[in-house]
Amino acid sequence: MADEVVRVDRDGSDTVVISPLGDVDMSCSPTLRTTMREQLDARPRRLIVNLDQVGYMDSSGLATLVEAMRTAKRHGTRVVLCGMNEKVRAIFEIARLHQFFTIVESLAEARES
Amino acid sequence: MADEVVRVDRDGSDTVVISPLGDVDMSCSPTLRTTMREQLDARPRRLIVNLDQVGYMDSSGLATLVEAMRTAKRHGTRVVLCGMNEKVRAIFEIARLHQFFTIVESLAEARES
Amino acid sequence: MNDRPHICVELLSNPAYLSGARELISSVCKRLGFDDLTCSKVALAVDEALCNVIRHGYKYAEDRPIWIRLWPLFDAEHRPDGVKLVIEDEAEQVDPETMKGRDLDDIKPGGLGVHIIRDVMDEVCYERREKVGMRLTMIKRVPRCCTPMRLSDRARVKRGAGDCDG
Amino acid sequence: MNDRPHICVELLSNPAYLSGARELISSVCKRLGFDDLTCSKVALAVDEALCNVIRHGYKYAEDRPIWIRLWPLFDAEHRPDGVKLVIEDEAEQVDPETMKGRDLDDIKPGGLGVHIIRDVMDEVCYERREKVGMRLTMIKRVPRCCTPMRLSDRARVKRGAGDCDG
Ligand SMILES: Nc1ncnc2c1ncn2[C@@H]1O[C@H](COP(=O)(O)OP(=O)(O)O)[C@@H](O)[C@H]1O
Ligand SMILES: Nc1ncnc2c1ncn2[C@@H]1O[C@H](COP(=O)(O)OP(=O)(O)O)[C@@H](O)[C@H]1O
C-alpha cells in the first residue's frame, strides 16, 4: 500500500477518476504525469482529478495539471478538479490558475458536472 | 486560538475533562502539568484526560501523567484516559504503562466509567 | 542578535527529501505561532526554492548539497513576528537578474517557482555566493495577531476561546 | 557508500524545535518507505534523545547546538531497509555506562527516555566525542515488506491494492 502513489478508477465507460494519494511534489509529479498521459491517450469523455487525499501540491504538480489540461483540450476531454483543501487551493490562487481549471467541491459534484 | 495548549471543561459538579490540544512534548508538558495540578487541587471525584487531539506524546508527557496519577490516588480522584490514537498508545506500551492507567476508547465511555 | 541561525540543515539534492524539509519548516513556523496557512505558504516557498536548485542548479543530480538556515525574527517585546530563511547551493552561478519568474498571463507548465516565492514571501533576494553557488534570502513577516509568544513562554494555559491579543 | 549523511541538522537546544526535528525525521522515514508506526517510533527515539541532551547535557539552556545526521541504509538491491541516526552535543561528557534507563517495574515519572530509545531502535550506542560532548548512534532496520523502493524510483504507478512484494 505504502508505494501506491496515484489511483485510477473507471467510472462508467466515459469517465476516468485519477486520485493522487498524498503530497504532489517534485518527487511524485512524474508519476502523476505518466498516469495522466496514459489515461488521456485513451481519450475518455471526462477526466476527474480527485485531490481529496492531497495535503500539499507544489508548482511541479500545477505544471503537470496544466500540461494535462492542454492535452485534454486537444483530445476533446473535459477535465474537472475536485476535493481541494485550503492549502492546495491557495497555491492555485497564488499561481492565478484557479480560473483556468474547472474546480468543484466534491467528487459527487464532479460526477454530476 | 493558536496559543491554547490545554482545554479544561467541567462536566457536572464532580468531573473535570482535561484535553491537551496538540503534541504533548517537552515544550508543552509543563503547561499540562500545571493544569493537572491546579485541577487536582480542587479534588474532583473524577479527572478525564481526553487525548483525542494529541497526535504525539513523548516521555515528558508520560511522566506528567504518572505524576498526576500519584497525586490523584492520594486525593481519592479517579483518573481515566481516553481518545488515544495508535501512536500514543504505542508509547504507553513501550513504557509498559498501559496497565498502570485506566484507558478507555472514547470520551463517552470515560464519562460512563 | 539575529546572527546565529536557530536551525541549519544540509541535505542532498534528492527530491525524496523535499517533504522532510517542508515538514520541518512548517512545524517550526507553527511553533513560532504562525497560522496554518502562513506555515504552509512558507514551506511552499522553501520547497519551490529547493526544486529550483535541484532542477536548474544541479540539473537533477541527486547527491549535491543544499543548505537551509532559519532565523526567527522578533518584535520589540521579543515575540516572534516573522522568519528569515537562507538557501544556498554550490551549483554554477547565474545572473540574479534572471530569477524573475514568468508573466502569469501566459499559462504554461513551468515558470511558476520564482513567482510563487516572490508572492508568498515579503522579501526575496538572490545573489552569488562568495566563491561558488547561489544564495537566496527570504523573509516573511507575520501580523501580530497571528503570532502568540510561543518560543520562550512555556507555561501558559487558556480556558475557553483564544483571541488575537491573548 | 554510507559515508556521507543524506541529511544534517544543527539546531538550538530549545524544546520549541523538537516538533520540527520529529516531523523531519518522520517524513524522511516515510519517504524511504517505512510504515507509519515505524516512522513515528523513530521520530520518538530522536525526540527522546534530543530531550535528554537538553535536560541532562545542557541543563535546559536553550541556545546550545545539537547535531542530527541521517543516513538511509540499503539492501543488496539498493532498496532502503533502514536508517542510521547520529546525535551529538557539546555538553559535559558522562560515562556512557550511565545511559541505561531505569527498571520499568518502578513506576515513576522520568527515567523513560533511554528505555524508549533502546526499545524502539535496533542498535544504540552512546560514546564520548573526541574532545567535548557525547555521541549517540542509533540504527533501525525495517523488514523488507514495509520498505518499497521510494528513494530513487520516481515513476511508478500501481492500480488496485498494493502488496508486500510490490
Ligand atoms: N536555483 C536556481 N539556479 C539557477 N537558476 C535558477 C534557479 N532558480 C531559478 N532559476 C532561473 O529562473 C527561471 C525561473 O524559474 P521558475 O520560476 O522556477 O520557473 P521554471 O523552473 O519552471 O523555469 C528558471 O528558468 C531559471 O533560469
Ligand atoms: N544526553 C545525555 N547527556 C548526559 N546524560 C544523559 C543523557 N541522556 C541520558 N543521560 C543519563 O541517563 C539517565 C537516564 O535517562 P532517561 O532514561 O532519559 O531518564 P530521565 O531523563 O528521566 O532521567 C539520566 O538520568 C542521565 O543521567
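Before any of the text, the structure's been laid out above.
Residues numbered from 1 in each chain as written. Chains lettered and ligands numbered in written order. Predicted model: local features only at pLDDT ≥ 70, side-chain atom pairs only at ≥ 80, totals over all residues. Heavy atoms only, no water.

Participant: Can you help me understand the overall build of chain A in this one?
Facilitator: Helix and strand content of chain A: 4 helices and 5 strands. Start at the N end of chain A and walk to the C end: the helices and strands fall as β-β-α-β-α-β-α-β-α. For chain A, the C-alpha radius of gyration of 13 Å lies close to 13 Å, the compact-globule estimate for 113 residues. Each principal axis of the C-alpha atoms in chain A carries an extent, and together these give about 35 × 30 × 25 Å. A sequence separation of at least 24 residues applies to 69% of the contacts in chain A between residues at least 6 apart. Only carbon and sulfur atoms are counted for the fraction: they give 43% of the accessible area of chain A, which is about 4,800 Å². (Helix = DSSP H or I, 4+ residues; strand = E, 2+ residues; numbered from the N terminus. Rg over C-alpha atoms; globule rule 2.2 N^0.38 Å. Contact = heavy atoms within 4.5 Å. Areas by Shrake-Rupley, 256 points an atom, 1.4 Å probe, with all protein chains shown as cover.)

Participant: Any chance you could explain the state of the cysteines here in plain terms?
Facilitator: Two cysteines joined by a covalent bond between their sulfur atoms form a disulfide. Scanning the model with the defined rule gives 0 disulfides over all chains in all. In this structure Cys28(A) is a free cysteine whose sulfur lies 11 Å from that of Cys51(C), the closest cysteine sulfur available. (Disulfide = S-S within 2.5 Å.)

Participant: Please explain the pairing of strand S4 (residues 78-82) of chain B as it appears in this structure.
Facilitator: Consecutive side chains of a regular strand alternate in pointing toward one face of the sheet and then the other. Residue and element names in this part refer to chain B. Most of S4 is tucked away, with 4 of its 5 residues classed as buried. Alignment of strand S3 (residues 46-50) against S4, held across 5 bridges, turns out to be parallel. When the sheet's bridge partners are listed, isoleucine 48 is paired in S4 with valine 80. Regarding topology, helix H2 (residues 59-75) serves as the crossover connection from S3 to the parallel S4, and that connection is right-handed. As paired elements, S4 and strand S5 (residues 103-104) share 2 bridges and run parallel to each other. Across the sheet, residue leucine 81 finds its bridge partner in S5, namely isoleucine 103. On the question of chirality, the crossover connecting S4 to the parallel S5 by way of helix H3 (residues 86-94) is right-handed. (Buried < 20%, exposed > 50% of the residue type's maximum accessible area, 1.4 Å probe, protein only. Pairing = 2+ DSSP bridges. Right-handed = clockwise from strand over helix to strand, strands pointing away.)

Participant: What's the story with the sheet that holds strand S1 (residues 6-11) of chain A in this structure? I'm lost.
Facilitator: The strands making up a sheet associate through backbone hydrogen bonding, with each pair oriented either parallel or antiparallel. Taken together, the 5 strands give an open sheet; going across it, the order is S1-S2-S3-S4-S5 (chain A), and neighbouring strands pair in mixed fashion. Each edge of the open sheet carries a strand with a single partner, namely S1 and strand S5 (103-104) of chain A.

Participant: Which parts of the structure should I look at to understand the interface of chain C and chain D?
Facilitator: As a measure of interface size, the accessible area lost when the parts come together is often cited. With 28 residues of chain C at the contact, the number on the chain D side is 28 residues. Taking both sides of the interface into account, the surface hidden between chain C and chain D amounts to around 2,600 Å²; carbon and sulfur atoms contribute 54%. Linking chain C to chain D there are 0 salt bridges. Inspection of the region where chain C meets chain D yields 7 residue pairs in polar contact (both at pLDDT 80 or more). Looking at the side of chain C that touches chain D, the elements with two or more residues in it are strand S1 (7-12), helix H1 (18-31) and strand S2 (65-74) of chain C. Broken down by element, the side of chain C that touches chain D gets its largest block of residues, 8 residues, from H1(C). Per-class residue counts for the side of chain C that touches chain D are 15 nonpolar, 5 polar and 8 charged. (Buried area = accessible area lost by both parts, 1.4 Å probe. Salt bridge = Lys/Arg side-chain N within 4 Å of Asp/Glu carboxyl O. Polar contact = N/O pair within 3.5 Å; in protein donor to acceptor, adjacent residues only side chain to side chain. Nonpolar A, V, L, I, M, F, W, Y, C, P; charged D, E, K, R; others polar.)

Participant: So what exactly am I meant to see when it comes to the pairing of strand S4 (residues 123-128) of chain D here?
Facilitator: Residue and element names in this part refer to chain D. Relative to strand S5 (residues 134-141), S4 is paired through 6 bridges, and the arrangement is antiparallel. Its bridge partner being in S5, valine 124 is matched across the sheet by methionine 138. Between the end of S4 and the start of S5, which pair antiparallel, lie 5 residues, with glycine 133 showing a positive phi angle near 90 degrees.

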